[in-house]
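So the chains spell out like this:
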Amino acid sequence: MLIGDVIRLAGTSIGAFYGRFQDKESFLAAVLDAAVTEAQAQADNLVWQDAVWTEGTASDIAAAIVVFYVDACRQNQGMYKAVLRDFAVGAPDSHPLRVLNSHIHAVFVPALARKMKAKAGEDVESEIRNAMQMLIGTISLMMLANPGPLRLEDDAIKPKLTEMMRRLLRLV
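Scope of this entry: the structure provided in the associated data block. Residue positions are counted from 1 within each chain, in the order its sequence is given. A pLDDT threshold of at least 70 governs which residues receive local features in this predicted model, and a stricter bar of 80 or more applies before side-chain atom pairs are shown or counted, although totals over entire chains, interfaces and linings include all residues. For side-chain calculations, the full set of non-hydrogen atoms in the structure is used, while hydrogens and water are omitted.

**Let's talk about the overall build of the chain**
Move 1: Working definition: helices are DSSP H or I runs of at least four residues, strands are E runs of at least two. Numbering for both runs from the N terminus. Looking only at helices and strands, the chain features nine helices and zero strands.
Move 2: Along the chain, from the amino end to the carboxyl end, the secondary structure elements read α-α-α-α-α-α-α-α-α.
Move 3: The principal-axis extent of the C-alpha atoms belonging to the chain is close to 60 × 35 × 30 Å.
Move 4: In this scheme, a residue with accessible area under 20% of its type's maximum is buried, one over 50% is exposed, and one in between is partly exposed, where area comes from a 1.4 Å probe on protein chains only. A burial count over the chain gives 36% of its 172 residues as buried.
Move 5: The accessible surface values rely on the Shrake-Rupley method and a 1.4 Å probe; as for residues, cover is taken only from the protein chains in view. A total of about 10000 Å² of accessible surface is found on the chain, and carbon and sulfur atoms cover 56% of it.

Structure, rendered in structure tokens:
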């Protein structure tokens, strides 16, 4: 989409657009920041308001994590895809998607860890972070390598990814 298209769809003028944003990159950064803030709030609300996170099993929570990531990526697919292509540019540690992912881990990992039975010497939280990294990597590749054998749009993707998460966490 071109800036002219954005301006037309927003019902504004080029002058108003450039009065608010220095360039296309600053506009995209503002959109990304808004999406990150929204996703952080959604993650927080899920853990505090959805009964799955307090009353569900570890398997239920693993499925909820998959649903959260798939839905968020479907909702923001174009933006996330564009950002993933440029991820290495700039300071990766302060990148908004990395900050978002750190926030989601901080909220989701302890919630799931409380429901999992740890074996002696096992770091459950580390296992959960590893499984989530595999999930995020798989979803990222679906967006970047579309079409592939797994497609983000497919109805079967949530059950497939949920099964993958449950196997990685030895919940099945």
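**Some thoughts on the nonpolar core**
Move 1: Grouped together as the largest cluster of nonpolar side chains are 43 residues, with contacts concentrated most on I65, F108, I128, M132, I139 and M165.
Move 2: Where this core is concerned, the elements lending two or more residues are α3 (24-49), α5 (58-75), α6 (77-85), α7 (96-113), α8 (124-144) and α9 (157-168).
Move 3: In this description, a nonpolar core means a group of buried Ala, Val, Leu, Ile, Met, Phe, Trp, Tyr and Cys residues linked to one another through side-chain atoms lying within 4.5 Å. I7, F17, F21 and F27 belong to the second-largest nonpolar core, a separate cluster that totals six residues.

**Here we look at α5**
Move 1: In a helix, the anticipated span is given by 1.5 Å times the number of residues less one. End to end, α5 covers 26 Å across 18 residues, agreeing with the expected 26 Å (1.5 Å per residue, within 8%).
Move 2: Judged by how many residues are buried, α5 sits mostly within the fold: 13 of 18 residues are covered.

**Comments concerning the pattern of salt bridges**
Move 1: Any Lys or Arg side-chain nitrogen located within 4 Å of an Asp or Glu carboxyl oxygen qualifies as a salt bridge. If you walk through the whole model with that rule in mind, you get six salt bridges.
Move 2: A salt bridge links R8 to D5; the nearest nitrogen and oxygen atoms lie 3.8 Å apart. Linking R8 with D5, this pair stays in helix α1 (residues 3-10), spanning three residues, or about one helical turn.

**Description of unusual backbone geometry**
When glycine is set aside, most residues are seen to have a negative phi, and most peptide bonds are trans.
Move 1: A positive phi angle is found at R170, which is not glycine, with a value near 55°.
Move 2: Along the chain, R170 turns up in the segment after α9.
Move 3: Residue R170 is classed as partly exposed on the basis of its relative accessible area, which comes to 48%.

**Side note on the packing of aromatic side chains**
Move 1: Ring pairs shown here join Phe, Tyr and Trp side chains whose ring centres sit within 6.5 Å, with only the six-membered ring taken for Trp; geometry is labelled stacked below 30 degrees between planes, edge-to-face above 60, and tilted in between. Using the criterion set out here, one finds seven aromatic pairs in the structure.
Move 2: Geometrically, the ring pair formed by F17 and Y18 is edge-to-face, given 4.9 Å between the ring centres and 85° between the ring planes.
Move 3: Residue Y18 is classed as partly exposed on the basis of its relative accessible area of 41%.
Move 4: Between F17 and F27 the ring centres are 5.3 Å apart and the planes differ by 55°, which places this aromatic pair in the tilted class. Note that F17 is positioned in helix α2 (residues 14-20) and F27 in helix α3, a separation of ten residues in sequence. When sorted by exposure, F17 lands in the same class as F27, which is buried.
Move 5: Members of the aromatic cluster, each reached through a chain of ring pairs, are F17, Y18, F21 and F27.

Purely geometric stuff here, so don't read any function into it on its own.
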